[in-house]
Amino acid sequence: MHPIEHFCCQNSMCPDAGLRGKGNLRFRGRGGKDRQIRMLYCGTCRALFSERKGTVLEQCRLPPEKAVAILHHLRERCGIRATSRLLEVDRSTTARYARLAGRHAQALHNELVAVSP
């Protein structure tokens, strides 16, 4: 479980958006099916969002361990069908996580390359 300093406001209109460790975030309860996902509140813009907002796991309905296992298998160049069989999930689920991870990786790449010297 990550400490609150690891998170930043996800509201793009907030002056503190994307800035970690500003002291503007507070934990405000739990959400999700089993109440395992922490909810965060930004004191600056008063937005409420989950700790998964802006990550590949944002709309995840699988247990986090299984979703991460899918991504690990794909990272190791295991195919979608093989990953689906090994982890006993539907092929379309594995493909969806591959697409989501690809979009996040592309956005991170674009951000890091744009600011590199």
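First, a word on scope: everything that follows refers to the structure included in this document. Just so we're clear, the structure is a prediction, and the values are computed from it rather than from any experiment.

## Description of the sheet that holds strand β3 (residues 48-50)
(1) Moving on: One open sheet accounts for three strands, arranged β1-β2-β3; its pairing is antiparallel. Two strands bound the open sheet, and with one partner strand each, they are β1 (25-31) and β3. When the angles between neighbouring strand axes are averaged without regard to direction, this sheet yields 35°.
(2) Moving on: Direction of pairing for strand β2 (residues 37-42) relative to β3: antiparallel, over a ladder of three bridges. Bridged to Y41 within β3 is L48.

## A word on the side chain of N24
(1) Moving on: Note on placement: N24 falls in the segment before β1.
(2) Moving on: Classification of N24 as buried rests on a relative accessible area of 8%.

## A closer look at the packing of helix α1 (residues 64-75) against helix α2 (residues 80-87)
(1) Moving on: Running from amino to carboxyl end, α1 crosses α2 at an angle of 145°, the nearest separation of the two axes being 10 Å. Considering how the two elements wind past one another, α1 and α2 form a crossing that is right-handed. Residues K66, A69, I70, H73 and L74 of α1 touch α2, and the partners they reach there are I80, T83, L86 and L87.
(2) Moving on: Of the residues contributing to the contact of α1 with α2, the split by class is six nonpolar, two polar and one charged.

## Things to note about the pattern of salt bridges
Side chains that differ in sign of charge can pair as their charged atoms come close.
(1) Moving on: One pass over the full model with this rule turns up three salt bridges.
(2) Moving on: A salt bridge links E58 to K53; the shortest N-O distance between them is 3.5 Å.
(3) Moving on: Of the charged contacts, one joins E76 and R75 as a salt bridge, the two residues approaching to 3.6 Å between their closest N and O atoms. The two residues E76 and R75 agree in class, both being exposed.

## Quick look at the pairing of β1
(1) Moving on: Two elements, β1 and β2, share five bridges in a ladder whose sense is antiparallel. For R30, the partnering residue across the bridge sits in β2 and is R38.
(2) Moving on: Where β1 folds back on β2, the antiparallel hairpin that results is connected by five residues, among which G32 adopts a positive phi of roughly 90°.

## As for a positive patch on the surface
(1) Moving on: A grouping of R61, R96, R99 and R103 is seen on the molecular surface, where their side chains present a positively charged patch.
(2) Moving on: Residue placement: R61 occurs in the loop between β3 and α1.
(3) Moving on: Accessibility expressed as a relative area gives 71% for R61, which makes it exposed.

The rules behind these values
- Residues numbered from 1 in each chain as written.
- Predicted model: local features only at pLDDT ≥ 70, side-chain atom pairs only at ≥ 80, totals over all residues.
- Heavy atoms only, no water.
- Pairing = 2+ DSSP bridges.
- Helix = DSSP H or I, 4+ residues; strand = E, 2+ residues; numbered from the N terminus.
- Axes fitted to C-alpha atoms, helices over the stretch in contact; angles between N-to-C directions.
- Buried < 20%, exposed > 50% of the residue type's maximum accessible area, 1.4 Å probe, protein only.
- Left-handed = near helix turned anticlockwise from the far one by under 90°.
- Contact = heavy atoms within 4.5 Å.
- Nonpolar A, V, L, I, M, F, W, Y, C, P; charged D, E, K, R; others polar.
- Salt bridge = Lys/Arg side-chain N within 4 Å of Asp/Glu carboxyl O.
- Patch = residues over 30% accessible without salt bridge, like charges linked within 9 Å, V, L, I, M, F, W, Y side chains within 5 Å.
- Areas by Shrake-Rupley, 256 points an atom, 1.4 Å probe, with all protein chains shown as cover.
- Lys, Arg positive; Asp, Glu negative; His and termini not counted.
- Charge placed at Lys NZ, Arg CZ, Asp CG, Glu CD.

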